[in-house]
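# Working through the structure, step by step
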Amino acid sequence: IVMDDEDFKEIKEPRSFVAIGEKVVDPDFSAHPGQVIQYTRNADGSTKKLDYIDTKKYSFVKVPITAEWLFIRSSKDYKVESRDFVKEDLHLVPHNINNGESSLRGVLDNENMDKTETKSKLKPAYLLSWPPVQPDGSIAPDEGEDTMPLIGLKVPRFWEAPPGTTDAELNVMGSKVNGEETIFLMIASYRDFQCRETITSAFSRADHPERLFVGAVDQTVPGDVGCLDLEVPCEQDDSQPICRYRSQISVYHMDAKYATGPVTARHVGDRMYRGESFVMQMDAHCQFVRHWDSKIIQQWRATNNHMAVLSSYLTDVQGSFTPEGDSTRNTRPIMCNSDYEGAMPARYLRHGAQPECEPEVLDMPQLQPFWAAGFSFSRGHFKVRVPYDAYQPMVFQGEEIAIGIRGFTFGYDFYAPLESVVFHEYAEKSNRRKKIHMFWENNLHAGEGQKSIKRGTAIIGMAPDLDPKSWDHSEMDKYGLGKVRDLQLFYKLFLIDPYKRKATQICPFAKGGFMHKDFQPYLKPDGSGIDYTQLEDYDTRAVMEKHLGHQHPLWERRLLNAIELKDSNALQKAVSSAQKFGLDKKNPALVAKALEMLQHV
């Protein structure tokens with residue numbers, strides 16, 4: 001935007017514009033990306049194109065990209081005459097003009113500059129190095145930055161494997177420190193005072209803290225305790241883990257009032273990965289056991305599967321530690337319980353409370369159908385191939401099934417850890433987490449959540465009857481499905497009907513070890529995942545009937561009791577459980593009778 005000095009002092013009706021990008025300032029003024037045009041608005045409302053910019057007459061303000069401009073215009077406080085929106089945190093900042101000489105390169109930022117010249121100054125994606133965000137919060141000029149859609153955040157670029165890297169080479173690729181394979185720990189923190197505790201626990205209880213690199217997305221407001229805010233400053237005590245390993249911690253600071261949920265935050269976190277051997281994703285309020293890094297890598301190796309992803313809803317921290325920091329647990333959760341929720345047509349699978357029990361498989365992690373966002377450990381290439389979607393703001397539920405199914409189609413296999421190496425502090429059992437903040441306290445993007453859910457369910461085929469014109473198809477090559485496995489095979493094997501929006505309860509199949517015992521033998525000889533082409537004719541329901549049919553009498557009795565009592569709540573629970581366990585196939589007349597009674601009680 002170019003305004004004369006008088007208008008710059010008190011913005012009213014700007015008379016002159018530089019248009020950069022597509023209609024970024026006003027629908028009447030447009031230009032091709034990178035093209036610079038100056039217009040002057042005459043008194044009669046007409047416009048005149050100028051061929052030069054008089055830098056002595058005009059002040060310069062950087063033009064917002066489309067997403068930033070839409071963000072400004074959508075604010076309830078926006079007024080044409082207001083100057084409040086010309087400020088640094090929205091990237092609308094004055095640019096210096098060298099000695100009063102006209103220099104468009106001094107006006108434009110990287111994204112609006114001549115693309116060829118800009119790219120030549122940037123490192124190739126495979127040479128992006130640590131830290132992704134500098135200690136002062138900036139991104140190194142030679143590393144470059146991208147702009148997030150909708151919210152306009154400036155974020156680090158994605159690391160990529162070197163050109164020509166084969167899948168087999170990527171599967172074993174990763175950096176080392178002193179001979180030890182590195183671990184990238186990604187934490188998304190929303191106004192969480194425990195983030196610093198989680199980072200401290202990770203470094204202090206690792207066998208090899210020198211191989212740990214932490215990328216934290218810290219969403220705070222003034223007055224919050226951030227991920228690096230210590231009670232005793234490093235200047236007074238530099239022996240604290242966060243001080244000792246500060247160079248291995250990179251924090252992306254974000255004003256929490258612009259936060260749009262964990263999918264966005266974790267997307268930014270994925271961008272902070274820099275080629276480490278392993279990647280771990282978790283929440284900002286967790287505590288590690290001693291030797292956790294050696295233990296989790298040892299468990300991962302026991303699968304003999306380069307595509308293995310160890311994932312789980314973590315056990316609560318209460319009662320889980322000895323005074324020395326070892327685990328007291330001999331149980332662990334397994335991801336198998338999921339059911340549909342949400343409004344049609346974009347209903348999605350939401351994972352519920354997961355069963356926690358002693359493992360059926362004792363020599364390695366146990367195969368499971370689903371992936372969990374609260375804990376995920378894998379080779380780094382999982383984040384390279386299956387990054388969080390940049391186009392799903394305001395989503396809290398539905399992210400896990402989307403990542404899980406996308407991961408399945410890329411050839412990844414999900415396992416429940418053999419034993420827990422980290423525990424989660426849940427608000428329900430924690431006195432100090434009773435009044436935690438959640439991102440939906442921000443209402444800047446009302447309605448975006450439903451758009452995101454439509455995109456997420458459509459990409460993974462969970463809403464096959466959704467109108468293709470009703471959702472955003474941007475960057476499907478980056479955030480879409482893989483080509484290793486057929487999407488429909490996932491739904492077939494795990495008894496999910498995306499047309500009827502119905503899921504069968506398969507926890508007995510997964511928890512009982514039947515999935516592991518039948519699927520794990522088809523691990524490919526080179527360790528590049530389980531060969532699901534050998535399982536195309538596998539009949540999960542028949543296996544469940546064979547091994548679990550003895551439970552049908554239990555569900556029949558519960559249905560009969562609910563029918564006799566004529567209790568609607570009991571009927572709803574009994575019918576739901578009976579359907580999940582396949583009783584509607586074994587005894588359809590009884591289930592139909594219960595459903596009919598539900599209509600009259």
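Computed from a predicted model, the values in this text were never measured in an experiment.

There is about 1,400 Å³ of room inside the largest pocket. Around the largest pocket sit 48 residues that line it, and Asp283, His285, Phe396, His424 and Tyr426 are the ones nearest its centre. Put simply, the parts of the chain that give the lining of the largest pocket at least two residues each are strand S10 (183-190), helix H8 (262-270), strand S18 (348-351) and helix H11 (399-409). Its residues assigned to classes, the lining of the largest pocket shows 19 nonpolar, 13 polar and 16 charged.

Before going further, it helps to examine the pairing of strand S17 (residues 338-341). Side chains Ser338 and Tyr340 of S17 all project onto a buried face; the interleaved residues Asp339 and Glu341 project onto a face where none is buried. Alignment of S17 against S18, held across four bridges, turns out to be antiparallel. Pairing of Asp339 across the sheet is with Arg350, part of S18. A loop of six residues connects S17 with S18, the two strands running antiparallel in sequence, and Gly342 in this loop sits at a positive phi of about 95°.

Because an α-helix completes one turn every 3.6 residues, residues spaced three or four positions apart along the sequence face the same direction. Along helix H9 (residues 292-302), the residues that are buried comprise Trp292, Asp293, Ile296, Ile297, Gln299 and Trp300. Along the axis of H9, the buried positions cluster into a sector of 160°, meaning they face one direction only. Among the residues trailing H9, Asn304 stands out with phi positive, at a value near 55°.

A word on the confidence of the model for the protein. On average, the protein scores 82 in pLDDT, and the residues at 70 or more come to 79%. Under a pLDDT of 50 for its full length, residues 1-39 has, in the predicted model, 111 contacts with residues more than four places off or in other chains.

At a closest axis distance of 10 Å, the pairing of helix H18 (residues 552-565) and helix H21 (residues 588-598) adopts a crossing angle of 30°. What the angle tells us is that H18 and H21 run roughly parallel. Like other packed secondary-structure pairs, H18 and H21 cross with a definite hand, here left-handed. Seen from H18, the contacting residues are Glu556, Leu559, Leu560 and Ile563; seen from H21, they are Leu590, Val591, Lys593, Ala594 and Met597. Class assignment of the residues belonging to the contact of H18 with H21 gives a composition of seven nonpolar, no polar and two charged.

Another aspect to go through is the packing of aromatic side chains. What the rule picks out here adds up to 22 aromatic pairs. Consider the rings of Phe288 and Trp292, whose centres lie 4.5 Å apart with planes at 40°: the pair is tilted. Of the residues examined, Phe288 reaches a relative accessible area of 0% and is grouped as buried. Look at Trp292 and you get buried, because its relative accessible area is 1%. On the basis of an interplanar angle of 50° and a centroid distance of 6.2 Å, the ring pair of Phe509 and Tyr538 is categorised as tilted. Of this pair, Phe509 sits in helix H15 (residues 507-511) while Tyr538 is found in the loop between helix H16 (514-519) and helix H17 (540-548), placing the two residues 29 residues apart along the sequence. When sorted by exposure, Phe509 lands in the same class as Tyr538, which is buried. Every member of this aromatic cluster is reached through a ring pair, and the members are Phe370, Phe408, Phe490, Tyr491, Phe494, Phe509, Phe519, Tyr532 and Tyr538. Looking at Arg379, its charged tip hangs above the ring of Phe278, at a distance of 4.6 Å from the centre.

In this section: the nonpolar core. Counting residues in hydrophobic clusters, the biggest one holds 94 residues, and the most contacted among them are Trp292, Phe377, Phe519 and Tyr532. Dropping the residues within four chain positions of it, Phe519 is found in contact with Leu367, Leu493, Phe494, Phe509, Ile530, Tyr532, Leu535 and Tyr538.

Taken as a whole and assessed by the stated rule, the structure comprises three disulfides. Paired by a disulfide, Cys234 and Cys243 hold their sulfur atoms 2.0 Å apart. Every disulfide takes its handedness from the sign of the S-S torsion; for Cys234 and Cys243 that torsion is -85°, giving left-handed. You can call Cys243 buried: its relative accessible area is 13%. By sequence order of its bonded cysteines, the protein has the disulfide arrangement 1-2, 3-4, 5-6. We note that Cys357 lacks a disulfide partner, and the nearest cysteine sulfur, in Cys336, lies 8.1 Å from it.

Glancing now at the environment of Ala259. Following the sequence through the fold, Ala259 ends up in the loop between strand S12 (249-255) and H8. The sequence separation of Ala259 and Asn442 amounts to 183 residues, and the corresponding C-alpha distance is 7.2 Å. Excluding residues that lie within four positions of it along the chain, Ala259 makes contacts with Tyr190, Gln219, Met254, Met394 and Asn442.

What follows covers the pattern of salt bridges. On inspection of all chains with the given rule, the structure shows 23 salt bridges. A salt bridge links Arg271 to Asp146; the shortest N-O distance between them is 2.8 Å. Of this pair, Arg271 sits in the loop between H8 and strand S13 (278-282) while Asp146 is found in strand S6 (residues 145-147), placing the two residues 125 residues apart along the sequence. One salt bridge connects Arg455 with Asp389, and the closest N-O pair in it is separated by 2.7 Å. Taken together, the positions of Arg455 in helix H12 (residues 448-459) and Asp389 in the loop between helix H10 (381-385) and H11 put the pair 66 residues apart, joining distant regions of the chain. Since its relative accessible area comes to 0%, Arg455 is described here as buried. By relative accessible area, Asp389 is classed as buried at 4%. Here the residues in one salt-bridge network are Lys123, Asp142, Glu143 and Arg274, joined through shared partners.

Glycine aside, negative phi is the norm for most residues, and most peptide bonds take the trans geometry. Residue Trp130 is joined to Pro131 through a cis peptide bond whose omega torsion reads 0°. Note on placement: Pro131 falls in the loop between helix H4 (115-121) and S6. Residue Pro345 is reached from Met344 by a cis peptide bond, and omega for that bond is 5°. Along the chain, the position of Pro345 falls in the loop between S17 and S18. Positive phi is not limited to glycine here, since Glu475 has a value of about 50°. One can find Glu475 in the loop between H12 and helix H13 (476-479). For Glu475, a relative accessible area of 36% corresponds to the partly exposed category. The backbone of Lys566 shows a phi angle near 55°, a positive value even though the residue is not glycine. By the secondary structure assignment, Lys566 is in the loop between H18 and helix H19 (568-580). Under the relative-accessibility criterion, Lys566 is labelled exposed at 56%.

The next thing to look at is the sheet that holds strand S22 (residues 413-416). Spatially, the eight strands line up as an open sheet ordered S12-S11-S10-S13-S21-S15-S22-S20, and their pairing is mixed. Unpaired on one side and paired on the other, S12 and strand S20 (366-368) mark the two borders of the sheet. Between one strand axis and the next, the sheet turns by 25° as a mean value, whatever way the strands run. Contacting S10, strand S11 (212-220), S12 and S13, H8 crosses the sheet at an angle of about 150° to S10.

Rules and cut-offs
- Residues numbered from 1 in each chain as written.
- Predicted model: local features only at pLDDT ≥ 70, side-chain atom pairs only at ≥ 80, totals over all residues.
- Heavy atoms only, no water.
- 1 Å grid on protein atoms, 1.4 Å probe; cavity = no way out; pocket = protein on both sides within 12 Å on 5 of 7 lines; lining within 4 Å.
- Points joined across faces, edges and corners; volume = space filled by probe spheres on them.
- Helix = DSSP H or I, 4+ residues; strand = E, 2+ residues; numbered from the N terminus.
- Nonpolar A, V, L, I, M, F, W, Y, C, P; charged D, E, K, R; others polar.
- Buried < 20%, exposed > 50% of the residue type's maximum accessible area, 1.4 Å probe, protein only.
- Pairing = 2+ DSSP bridges.
- Arc of directions from axis to C-beta.
- pLDDT = per-residue confidence, 0-100.
- Contact = heavy atoms within 4.5 Å.
- Axes fitted to C-alpha atoms, helices over the stretch in contact; angles between N-to-C directions.
- Parallel < 35°, antiparallel > 145°, perpendicular 65-115°, else oblique.
- Left-handed = near helix turned anticlockwise from the far one by under 90°.
- Phe/Tyr/Trp six-rings, centres within 6.5 Å; stacked < 30°, edge-to-face > 60°.
- Lys NZ or Arg CZ within 6 Å of the ring centre and 35° of its normal.
- Core = buried A, V, L, I, M, F, W, Y, C linked by side-chain atoms within 4.5 Å.
- Disulfide = S-S within 2.5 Å.
- Salt bridge = Lys/Arg side-chain N within 4 Å of Asp/Glu carboxyl O.

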